[in-house]
Amino acid sequence: MTQKTLKYLDPSVPIEQRIDDVLPRMTVAEKVSQISDNWGSAGIPRLSVPSLLKTEGLHSQSYSTGATIFPQPIGMAATFNAALINKVGRQTVLESKAAYIRESWSPVLDVARDVR
């Protein structure tokens, strides 16, 4: 079966069918690698499954060489300059894409109910 006929690689196939097609093809180790958190999920080259890299993007993405690190959000907010902060966001997107990062956590949300 060629890659062009693999159901899980066909974006026109409903996601549930794609999942049903790819899961039996994966080894247990490959399945575990997809749910293990190591700043993303490892790719599975033999199945053409790309890696999914992630970063904390609170003030840029700082997990690749050469990334611009901007001030913390509280400092940026103190500028009251929405246009400038928009530029920061756009630059962060460009640098994240260049580093193949596809998921960015930002801003961090603290849902603790105890002030300690």
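First, a word on scope: everything that follows refers to the structure included in this document. Just so you know, these numbers come straight off a predicted model, no measurement behind them. (Residues numbered from 1 in each chain as written. Predicted model: local features only at pLDDT ≥ 70, side-chain atom pairs only at ≥ 80, totals over all residues. Heavy atoms only, no water.)

1. A word on helix α4 (residues 82-98)
Working note: α-helix, 3.6 residues per turn, so residues spaced by three or four point in the same direction.
Turning to step 1, where the next piece is worked out: Helix length check: α4 (17 residues) gives 25 Å between terminal C-alpha atoms against 24 Å at 1.5 Å per residue, within 8%.
Turning to step 2, where the next piece is worked out: For α4, the set of buried residues is V88, T92, E95 and S96. Down the axis of α4, the buried side of the element spans an arc of 100°, and every buried residue falls inside it. Opposite the buried face of α4, at more than 90 degrees from it, the exposed residues are A82, A83, K87, R90, L94, K97 and A98.
Turning to step 3, where the next piece is worked out: Looking at the buried positions of α4, the neighbouring elements they touch are α3 (73-77) and β3 (101-105).
Turning to step 4, where the next piece is worked out: In the segment just after α4, Y100 is the residue with positive phi, at about 60°. (Helix = DSSP H or I, 4+ residues; strand = E, 2+ residues; numbered from the N terminus. Expected span 1.5 Å × (residues − 1). Buried < 20%, exposed > 50% of the residue type's maximum accessible area, 1.4 Å probe, protein only. Arc of directions from axis to C-beta. Contact = heavy atoms within 4.5 Å.)

2. Describing the side chain of S60
Turning to step 1, where the next piece is worked out: Note on placement: S60 falls in the loop between β2 (52-56) and α3.
Turning to step 2, where the next piece is worked out: Relative accessible area serves as the criterion here: at 2%, S60 is assigned to the buried category.
Turning to step 3, where the next piece is worked out: A distance of 2.3 Å separates a polar atom in the side chain of S60 from the backbone oxygen of T68.
Turning to step 4, where the next piece is worked out: Residues in contact with S60, not counting those within four places in the same chain, are A67, T68, I69, F70, T92 and E95. (Polar contact = N/O pair within 3.5 Å; in protein donor to acceptor, adjacent residues only side chain to side chain.)

3. Structural notes on the pairing of β2
Turning to step 1, where the next piece is worked out: Bridge count for strand β1 (residues 40-41) against β2 is two bridges, and the pairing is antiparallel. Bridging from a neighbouring strand, S41 pairs with L52 of β2. (Pairing = 2+ DSSP bridges.)

4. Focus on the sheet that holds β3
Turning to step 1, where the next piece is worked out: Here three strands make up an open sheet; going across it, the order is β1-β2-β3 and the pairing mixed. Two strands lie at the open edges of the sheet, namely β1 and β3, each paired on one side alone.

5. A closer look at unusual backbone geometry
Working note: non-glycine residues mostly have negative phi, and peptide bonds are mostly trans.
Turning to step 1, where the next piece is worked out: The phi dihedral of S48 is positive, around 60°, even though this residue is not glycine.
Turning to step 2, where the next piece is worked out: When you line up the elements, S48 lands in the loop between β1 and β2.
Turning to step 3, where the next piece is worked out: A relative accessible area of 30% places S48 in the partly exposed class.
Turning to step 4, where the next piece is worked out: The backbone phi angle of F80 is positive, close to 55°, even though this residue is not glycine.

6. A word on a nonpolar patch on the surface
Turning to step 1, where the next piece is worked out: Together, I15, I19 and L23 give the surface a local cluster of nonpolar side chains, amounting to about 250 Å² of exposed area.
Turning to step 2, where the next piece is worked out: Tracing the chain through its elements places L23 in the loop between α1 (15-22) and α2 (28-35). (Patch = residues over 30% accessible without salt bridge, like charges linked within 9 Å, V, L, I, M, F, W, Y side chains within 5 Å. Areas by Shrake-Rupley, 256 points an atom, 1.4 Å probe, with all protein chains shown as cover. Salt bridge = Lys/Arg side-chain N within 4 Å of Asp/Glu carboxyl O.)

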